Amino acid sequence: MKYTALILLCSWLGHTTVQAAENDNVLDELVFCLVCHGYQAQGNPSVGAPALVGIEDWYLRAALAAYRGGTRAGYAAAMDMQAAARMLPEDDFAKVLRLLNELPPREPQAAAVVDAALLQKGRESYAQFCASCHGADGEGNQILAAPGLRRLNDWYLQAAWESYLTGGRGNDSADGASQMAQFVRALPDSFDIDAVVVFLTAAE
Amino acid sequence: MFGTALACIMLSRVCSFAEKGLMMITRRQLLSMTGTISGAAGMSGILAALGAIPHSAQAQVPSLRAARPRRKVLLLGAGISSLIAAMELEQAGYECEILEATHRVGGRCMTLRSGDIVDEIGNRQVCNFDDDPTLYFNAGPSRIPHEHATILGYCRRLGVSLETSVNLNPAAWIQFDGFNGGARMRQKQYVADARGFLAELTQKGLPDAWLDSELGEEERDLLRQFLRSYGDLGGDDRYRGSARAGYASGGLAAPGVLKDTIALRELLKADFWRMGMHFAESSLQSAVLQPVGGMDRIVTAVLARLTNKPRLHAVVTAINVTNDGVDVVYREKGEQRRTRADYCLNAIPAQLLGGVDNNFSPDYRRLLAGRPRGKLSRLGLQMRERFWEAEGIYGGISWTGQDITQIMYPSGGFGSPKGVLVGAYILSGEINDRWVNLTAAQRIKSALAQGEKVHPGYRGYFESGVSVAWHRMNHMLGCTATGSEPGTASALRAPFGRHYLIGDQVANYGGWLEASVLSALNALGDLDKKEAEAA
């Protein structure tokens, strides 16, 4: 596949001076999204940056807006993203999408051996609690601002869940995620997130 | 390096991180192991030094066998570990290719001067210091302890001039909001009173029964004299203040008047005793070393010796280790490129390797993913006058309980008109989490406000500032990773085929140039051995 450079001219720097012979002091090409999210945008758990390939454009746009607006905060990776979002000019978003579209689809992440009972439990839990918003098979529903869940990393699903539960995410009522946070906190104890993650990440 | 910092926080923790076997080696054993051997055989010494903490004790440079024809080594990242390795390899006849993702060479060995760019995600900055080589800011490592013999040996070999860096300066200030009404105090006053009280308490409190059983009459007398001298006690073994604290008035032309002593319960309120008071009693002693003109003089000197200079803006996206070499895919100037070498020395930070396609073993990947992102921040301030010298401060560090934690004064250029201060050096993860989310301008504003409590009028001297939060730096996202499960560092520095992870990230004590260089030499030792077997 071919990478498209995400070129942000650094005109904000004014003129750049050439310094030491070996350092060019010019930031001509900034694919800084991929530094955190992985060079194939498949996600990097070490820095808490989820996969971006296969994620809906509308969701990425909304997430960026929430970072820019400061409503998505409350946990470390969100604050890293706020800083990154500050550097991305609004009109460069199309370039980001183009870049992501040229990357290969995400590799399957499901464990080779899946516990059949857990998978079934997850399927049932999902159908009971999640499907009405996120779609019968986790495909998402833009009208309800509910993203697809199938393309998310398993560790990210867990982390997001934890974040809703503990108040890291969705605390700001201006944030679309506040509805999700309320919903998560109202779920019965019997809801098994591990099982749901197994279901969502199992081969389709 | 970053040094001090880490050494201080980590010293206590290091023992638990370090692999037990390596920690059991005493310094004497280490010396006898490494003293007489060189070449590949010296590698066991390097290994020991990597595990054994700042005591490298002996310069150890491998003598590599001459390379067989057309042997190539690929080095990922152009920090100090890669650069030193490339220099050694080229000298032995290897072809080296160095790929560097950022716009500059040196990694965290970064000295900022006029016009330099700081590529921090969310806080890109240009250093606006005056165009004057003496006005520089070591944003990364700034100190080399005397025990770091390997990097000191390279400085000698490379002709990098060294000078003293004042690390402990009793004339510098301490300022803690809950102590002394928040007012600043000279460190020497605090230390003199703390020692005086401790000596007096000890003198009073030594149980007779213990003294009788442990010491003879003459020794008891010596102990009393020792304590008197240690605490500067009066003839009656009471502490009533000391000239060591500095005089309240007089001293030279007029008779010196002692300062009032600070109450013991007051002394306890200054967190100075937790760290600042003792930090310069480890390998970071009161005076350490620094290259004249900035830490990156080492980088410049190595670069000058390299035939193949590092390629900048070359971002590695995939690493494939094969039986007889390593394939790497990288992106440069918007194009995807491939390269291949017989060996690969990889200094890409562990936290970023999770985002690079690779064929490492699951165990190796798990260890990489478990390496936490180290957090450290520094801020440099160009001041239009060296007002601190007017306060009698020449080098050293003032400590405060505020977020900036430290103000570090330049150890050179005394008496020049302007100077650059390190206006914040933040070690605490909790403060760093907060600090990193300030914009560059907010950090300066905050550092100036806090500096006012240490130096009234501080703001008025300010000309320009620049800050670096290492855990947000582009293509780095962290530094000096420590604190993984025991054994991680040694497992990560074990070769994966012909691929070696290098950098301070594979040493048990991160954040030192010495650790980075030793990691590279450790890899070269194994490479040399493999080549010998193949020949």
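Residues numbered from 1 in each chain as written. Chains lettered and ligands numbered in written order. Predicted model: local features only at pLDDT ≥ 70, side-chain atom pairs only at ≥ 80, totals over all residues. Heavy atoms only, no water.

## Let's talk about the overall build of chain A
Across its full length, chain A holds 8 helices and 0 strands. Start at the N end of chain A and walk to the C end: the helices and strands fall as α-α-α-α-α-α-α-α. Within chain A, the fraction of its 204 residues that count as buried is 50%. A sequence separation of at least 24 residues applies to 62% of the contacts in chain A between residues at least 6 apart. (Helix = DSSP H or I, 4+ residues; strand = E, 2+ residues; numbered from the N terminus. Buried < 20%, exposed > 50% of the residue type's maximum accessible area, 1.4 Å probe, protein only. Contact = heavy atoms within 4.5 Å.)

## Some details on the packing of helix α5 (residues 116–134) of chain A against helix α8 (residues 193–201) of chain A
Residues and elements named next belong to chain A. One can describe the packing of α5 onto α8 by two numbers: an axis separation of 7 Å at closest approach and a directional angle of 95°. Put simply, α5 runs roughly perpendicular to α8. Together, L118, L119, K121, G122, R123, S125 and Y126 of α5 and A195, V196, V198, F199 and L200 of α8 make up the contact between the two elements. Here the residues of the contact of α5 with α8 are counted per class, giving 8 nonpolar, 2 polar and 2 charged. (Axes fitted to C-alpha atoms, helices over the stretch in contact; angles between N-to-C directions. Parallel < 35°, antiparallel > 145°, perpendicular 65-115°, else oblique. Nonpolar A, V, L, I, M, F, W, Y, C, P; charged D, E, K, R; others polar.)

## Remarks on the environment of I397 of chain B
All names here are of chain B. As for its placement among the helices and strands, I397 is situated in strand β19 (residues 396–400). Separated by 121 residues in sequence, I397 and G276 place their C-alpha atoms 8.7 Å apart. Leave out the neighbours within four places in its chain, and I397 touches R143, N167, A172, W173, Q187, F279, Q406, I407, M408 and Y409.

## Focus on the domain arrangement of chain B
Residues and elements named next belong to chain B. On domain assignment, one finds that chain B holds domain 1 (2–54 + 171–241 + 277–281), domain 2 (72–105 + 310–373 + 478–534) and domain 3 (111–167 + 286–296 + 375–472). Look at where the C-alpha atoms of domain 2 and domain 3 centre, and you get two points 29 Å apart. Facing 15 residues of domain 2, the contacting portion of domain 3 comprises 17 residues. A buried area of about 1,500 Å², summed over both sides, lies between domain 2 and domain 3, and 63% of it is on carbon and sulfur atoms. Counting the surface domain 2 buries against domain 3, the share from its top three residues, R373, L513 and E514, is 34%. The interface formed by domain 2 and domain 3 holds 1 salt bridge in total. Across the pair E88 and R157 runs a salt bridge, and its minimum N-O distance is 2.8 Å. Across the domain 2-domain 3 interface, the total number found is 8 residue pairs in polar contact (both at pLDDT 80 or more). Residue assignment for the side of domain 2 that touches domain 3 shows that the elements contributing at least two residues are α5 (80–91) and α19 (513–534). A per-class count over the side of domain 2 that touches domain 3 returns 8 nonpolar, 4 polar and 3 charged. (Domains from an automatic or database assignment. Buried area = accessible area lost by both parts, 1.4 Å probe. Salt bridge = Lys/Arg side-chain N within 4 Å of Asp/Glu carboxyl O. Polar contact = N/O pair within 3.5 Å; in protein donor to acceptor, adjacent residues only side chain to side chain.)

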